[in-house]
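An overview of the molecular structure
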Amino acid sequence: MENGKTIDVLNNLLQIINDRIEGFKDVNVEMIESHSNLKEEYDCMVQNSYKMRTELSALIEERGGDLKNTTTIAGGLHRAWIDVKNSFTFDKSESTLQNVIFGEDAAVKAYEKALDSGDLCAESSKIVQDQLQELKSSYHKFVSMEEEL
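Keep in mind the model is a prediction, meaning the values are calculated, not measured. (Residues numbered from 1 in each chain as written. Predicted model: local features only at pLDDT ≥ 70, side-chain atom pairs only at ≥ 80, totals over all residues. Heavy atoms only, no water.)

1. With respect to the packing of helix 1 (residues 3-25) against helix 3 (residues 38-62)
To describe two helices that pack against each other, one gives the angle between their axes and the distance between the axes. Filter applied, for reference: Angles here are taken between N-to-C directions and fall from 0 to 180 degrees, while the axes themselves are lines fitted to C-alpha atoms, restricted in helices to the stretch in contact. In this text, helices come from DSSP runs of H or I with a minimum length of four residues, and strands from runs of E with a minimum of two, each type numbered from the N-terminal end. An angle below 35 degrees is treated as roughly parallel, one above 145 as roughly antiparallel, one from 65 to 115 as roughly perpendicular, and anything else as oblique. Each crossing gets its handedness from the near helix: less than a right angle anticlockwise from the far helix is left-handed, clockwise is right-handed. In what follows, a contact means two residues having at least one pair of non-hydrogen atoms within 4.5 Å.
Look at helix 1 against helix 3: their axes get within 9 Å of each other, and the N-to-C directions meet at 155°. It follows from the interaxial angle that helix 1 and helix 3 lie roughly antiparallel. Taken as a pair, helix 1 and helix 3 cross one another with a handedness that is left-handed. Residues I7, L10, N11, L13, L14, I17, N18, R20, I21, F24 and K25 of helix 1 touch helix 3, and the partners they reach there are Y42, M45, V46, S49, Y50, M52, R53, L56, S57, L59 and I60.

2. Brief notes about the pattern of salt bridges
Stated precisely, the cut-off is as follows: Just to be clear on terms, a salt bridge is a Lys or Arg side-chain nitrogen sitting within 4 Å of an Asp or Glu carboxyl oxygen. Burial status follows relative accessibility: with a 1.4 Å probe on protein chains alone, a residue under 20% of its type maximum counts as buried, one over 50% as exposed, and anything between as partly exposed.
For the coordinates displayed, the defined rule picks out eight salt bridges. The salt bridge partner of K51 is E55, with a shortest N-O separation of 3.3 Å. Placement of the pair is K51 and E55 together in helix 3, with a separation of four residues, close to one helical turn. Looking at K51, the relative accessible area reads 38%, which means it is partly exposed. When the shortest N-O distance is used, the salt bridge between E112 and K136 registers 3.6 Å. You can see E112 sitting in helix 5 (residues 92-116) and its partner K136 sitting in helix 6 (residues 122-148), a full 24 residues away along the chain. Shared partners join several salt bridges into a network, and the residues in it are K51, E55 and E134.

3. Some points on the packing of helix 1 against helix 6
Rules: In this classification, Asp, Glu, Lys and Arg are treated as charged, Ala, Val, Leu, Ile, Met, Phe, Trp, Tyr, Cys and Pro as nonpolar, and every other residue, Gly included, as polar.
In contact at an axis separation of 13 Å, helix 1 and helix 6 are set at 25° when each is read in the N-to-C sense. Comparing their axes, helix 6 and helix 1 come out roughly parallel. Note that helix 1 runs across helix 6; the crossing there is left-handed. Within the contact between the two elements, helix 1 uses T6, L10, L13, R20 and F24 and helix 6 uses S124, V128, L135, S138 and F142. Its residues placed into classes, the contact of helix 1 with helix 6 shows six nonpolar, three polar and one charged.

4. Here we look at helix 3
Put simply, the test is: Helix span is expected to be 1.5 Å times the residue number reduced by one.
With 25 residues, helix 3 should reach 36 Å at 1.5 Å per residue; the first-to-last C-alpha distance of 36 Å fits that figure. If you check which residues of helix 3 are buried, you get L38, Y42, M45, V46, S49, M52, L56, S57, L59 and I60. One or two positions beyond helix 3, positive phi appears at G64, with a value near 80°.

5. Brief notes about the environment of D130
Following the sequence through the fold, D130 ends up in helix 6. With 78 residues separating them in the primary sequence, D130 and M52 have C-alpha atoms 9.6 Å apart.

6. What about the side chain of E104?
Mapped onto the fold, E104 is located in helix 5. Among all residues touching E104, those that are not within four sequence positions of it are R20, F24, L135, S138, Y139 and F142.

Function cannot be inferred from these measures alone, as they are strictly geometric.
Put into C-alpha cells, the structure is as follows:
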C-alpha cells in the first residue's frame, strides 16, 4: 500500500465530512424544534462530525500529507439544489429529512468504497471503520424519523 494513496483516500473522506458539517449547518431549525428527540441527536451528530474531521486530519498529517480541508464540488451542488428545492417546498421538515438521508447515504457509500479500496493502512482502516459505524447509525436514525412523519 502506497502512502500517497492512503493520504488521497483520507483527504477524500475529509472532504465528505466537511460536506456533512456544511450540510448540517443548513438543516432547517424549525424541523429540529418540531422533533423533540432530534435536537440532542442533531447536536451529537454535529459534534461527531467535528471529531471525525479531527481524526482524519491527524491521520493525514501523521503520514506527511497536506490537508484538503475543503468541501467537494458535488456536496456544494447538492447544498445549492437543496436551497432551491426548499424555496419551493411546503413541508420543509420532510424535505430536509430526505436531503439529510441522501447526504448520509452518500457518506456511507464513500466510506465503504474507501475501506474496499485496499489503500488504507491498519490504523486508518480502524478509524475509518469506526466512523463508518457512526455514519450508518446516523443514517438509520434519520430514516426512522422520516418513517414517523
